[in-house]
Amino acid sequence: MPELYVLLVAMIAAAVVAIEIKDLLAAAVSLGMVGFSVSIAFILVQAPDLAIVQIVVEVLTVVFFAAVILRTTHIAPDAGRRIRGEMILPVVVFGAFALFFFGLAVQVFRELPPFGSPQMWVAAHYITAGLEQTGAANVVAAIILDYRAYDTLGEAVVLFTAVVGVLTIARQFGRKGREGNGGE
Amino acid sequence: MTTIVQTVSGIVGGMMFLFGGYVVLHGHLTPGGGFAGGVIVAASFVLMSLAFGSVEDSERSSYRFSSFFESLGGLSFILIGLFGYFAGHAFLNNLWHAVGQPLRLVSAGIIPLANIAIGIKVGAGLWAIFLALGASRFAMKD
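A short note on the overall build of chain A
Secondary structure assignment for chain A yields 7 helices and 0 strands. Starting at the N terminus and ending at the C terminus, chain A contains elements arranged as α-α-α-α-α-α-α. Sorting the 184 residues of chain A into buried and exposed places 16% on the buried side. Here the analysis covers contacts within chain A between residues at least 6 apart in sequence; of these, 49% occur between residues at least 24 apart.

Below, the structure is given as structure tokens:
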């Protein structure tokens, strides 16, 4: 699939731009380009649900970044501080990492099944062998707590973080109000 | 709240709690699981609190209760995952998946245990969120 390679090059270039550019608003837009390229890649490999989630997350991220940058400053705080001689080593390391990631991604793309062949063989394996391998009659439970238990652990951590955030923010209002009432 | 709401809540609340426990315990057999069952359990707590209690009063006493169970659920899920690690397999490996008979309650290894841990965590977490939001609203109204 040549489109994936085009997206890959665009993503790496946008990531480099996002780190190196001095205007923070342009950096946020480049970061958004990386995310939207990922969502297009998800559509190309037939994972539309992931693509929708990626688009929502990416829109929110870029909007938050843009809102913060518009209220504070456009210019990166370390702009213009580097001397030209010091840039050589970072640029070399940067290029090496870009090539490394490009090679990894090409390896992954080679593993993709060819165009036209069925891509749902992982799901087919879960359905046929799930009961035998996990002992769970509910295939959904077998997937979320056995095959993809790490995913569920991450979900639980997300919920925990949400609870901690709500308690931190909302309880402060309650406390302030109560203390004010008690003091007066 | 009115007598109608209190009477109906008194009848329904216990059933909701039992149904939530059922959904959690049978997560590996029927649709549902720790997340869905935990939400139902939390909903039964919310119903009772709305019908019978003042949220402002219950916040102080229930905050320690809910934070204890939230932490307990999260830690026991990680502990269940570590069982697999210390038994010589991967983290969250499904130990004892051959114990018991499929389609029975005792089956599927760590899946029901993890469901119980997640159910406790989700239930306590949503209850804590409800308490925090409700209490802050009452405090700001004053």
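Having seen it, we continue.
Structural notes on the overall build of chain B
When helices and strands are tallied, chain B shows 4 helices and 0 strands. The secondary structure elements of chain B, listed N-terminal to C-terminal, are α-α-α-α. Relative to its full complement of 142 residues, chain B shows a buried share of 41%. Contacts in chain B between residues far apart in sequence, at least 24 positions, make up 68% of those at least 6 positions apart.

A closer look at the interface of chain B and chain A
Of the residues lining the interface, 35 residues belong to chain B; the matching set on chain A comes to 25 residues. Breaking the side of chain B that touches chain A down by element, the ones donating at least two residues are helix H3 (55–86) and helix H4 (110–141) of chain B. Per-element accounting of the side of chain B that touches chain A gives the leading share, 15 residues, to H4 of chain B. Of the residues belonging to the side of chain B that touches chain A, the class tally is 19 nonpolar, 13 polar and 3 charged.

Some remarks on the confidence of the model for chain A
All names here are of chain A. With 85% of its residues at a pLDDT of 70 or more, chain A shows a mean pLDDT of 80. The spread of mean pLDDT over the elements of chain A runs between helix H7 (residues 149–183), the lowest at 72, and helix H2 (residues 24–44), the highest at 89. Here residues 179–184 is modelled with pLDDT under 50, and outside its nearest four sequence neighbours on either side it reaches 1 contact, counting other chains as well.

A short note on the packing of helix H5 (residues 121–134) of chain A against helix H6 (residues 139–147) of chain A
Residues and elements named next belong to chain A. The geometry of H5 relative to H6 is characterised by a closest axis approach of 10 Å and an angle of 70° between their N-to-C directions. With respect to each other, H5 and H6 are oriented roughly perpendicular. Residues Tyr126, Ile127, Gly130 and Thr134 of H5 form the contact with H6, whose participating residues are Val139, Ala142, Ile143, Asp146 and Tyr147.

Notes on the environment of lysine 22 of chain A
All names here are of chain A. The topology assignment puts lysine 22 in the loop between helix H1 (2–20) and H2. The exposure class of lysine 22 is exposed, given the 12 C-beta atoms found within 10 Å. Here the alpha-carbon distance between lysine 22 and histidine 74, two residues 52 residues apart in the chain, equals 8.3 Å.

A word on the nonpolar core
Ranked by size, the top nonpolar core spans 40 residues in total, and within it Ile111, Ala114, Ala117, Ile118, Trp127 and Ala128 of chain B carry the most contacts. Listed by contribution, the elements that provide at least two residues to this core are H6 and H7 of chain A together with helix H1 (3–25), helix H2 (34–52), H3 and H4 of chain B. Excluding its chain neighbours within four sequence positions, the residues that come into contact with alanine 114 of chain B are Leu145 of chain A together with Phe77 and Ile80 of chain B.

Here's the deal with the packing of H2 of chain A against helix H3 (residues 48–71) of chain A
Residues and elements named next belong to chain A. Between H2 and H3, the least distance of the axes is 8 Å, while the angle of their chain directions is 175°. When the axes of H2 and H3 are compared, the pair comes out roughly antiparallel. On the side of H2, the interface is formed by Leu24, Leu25, Ala28, Gly32, Gly35, Phe36, Val38, Ser39, Phe42 and Ile43, while H3 contributes Pro48, Leu50, Ala51, Gln54, Ile55, Glu58, Thr61, Val62, Phe65, Ala66 and Ile69. Counted by class, the contact of H2 with H3 contains 15 nonpolar, 5 polar and 1 charged residues.

Some points on H2 of chain B
The terminal C-alpha atoms of H2 of chain B, which comprises 19 residues, lie 27 Å apart, in line with the 27 Å expected from a rise of 1.5 Å per residue. Looking only at H2 of chain B, the buried set comprises Gly34, Phe35, Gly37, Gly38, Ile40, Val41, Ala42, Ser44, Phe45 and Ser49 of chain B.

Observations regarding the environment of alanine 98 of chain A
All names here are of chain A. Following the sequence through the fold, alanine 98 ends up in helix H4 (residues 88–111). Residue alanine 98 is classed as partly exposed on the basis of its 15 C-beta neighbours within 10 Å. Alanine 98 sits 83 residues away from alanine 15 along the chain, and the two C-alpha atoms are 9.5 Å apart.

Here's the deal with the confidence of the model for chain B
Residue and element names in this part refer to chain B. Summarising the model, chain B shows a mean pLDDT of 81, and 88% of its residues fall at 70 or more. Confidence scores differ between elements of chain B, with H4 showing the lowest mean pLDDT of 78 and H1 the highest of 90. Both scores are given for the predicted complex: the pTM is 0.68, the ipTM 0.79.

Looking at the environment of alanine 141 of chain A
Mapped onto the elements, alanine 141 of chain A comes out in helix H6. Residues alanine 141 of chain A and glycine 130 of chain A, spaced 11 residues apart in sequence, show a C-alpha to C-alpha distance of 9.9 Å. For alanine 141 of chain A, the residues in contact, after removing those within four places along its chain, are Ala136 of chain A together with Gly27, His28, Gly33 and Ile111 of chain B.

What counts and how
- Starting from 1, residues in each chain are numbered consecutively following that chain's sequence as written.
- Note on labels: chains are lettered from A, ligands numbered from 1, in written order.
- Under the rules for a predicted model, residues below a pLDDT of 70 receive no local features and side-chain atom pairs below 80 are neither given nor counted, while totals for whole chains, interfaces and linings still include all residues.
- Secondary structure elements are defined from DSSP: runs of H or I of at least 4 residues count as helices, runs of E of at least 2 residues count as strands, and each element is numbered from the N terminus.
- Here a residue counts as buried when 20 or more other C-beta atoms sit within 10 Å of its C-beta, as exposed when there are 12 or fewer, and as partly exposed otherwise, the C-beta atoms being derived from the backbone.
- A residue pair is marked as a contact if its C-beta atoms, positioned from the backbone, fall within 7 Å.
- Note on residue categories: nonpolar means Ala, Val, Leu, Ile, Met, Phe, Trp, Tyr, Cys or Pro, charged means Asp, Glu, Lys or Arg, and polar means any other residue, Gly included.
- The predictor reports its confidence for every residue as pLDDT, a score running from 0 up to 100.
- Fitting a line to C-alpha atoms yields each axis, with helices limited to the stretch in contact; the angle taken between N-to-C directions then spans 0 to 180 degrees.
- In these notes the angle categories are as follows: under 35 degrees is roughly parallel, over 145 is roughly antiparallel, 65 to 115 is roughly perpendicular, and the rest is oblique.
- In these notes, a nonpolar core means any group of buried Ala, Val, Leu, Ile, Met, Phe, Trp, Tyr and Cys residues linked to one another through C-beta atoms within 7 Å.
- One less than the residue count of a helix, multiplied by 1.5 Å, gives the span that helix is expected to have.

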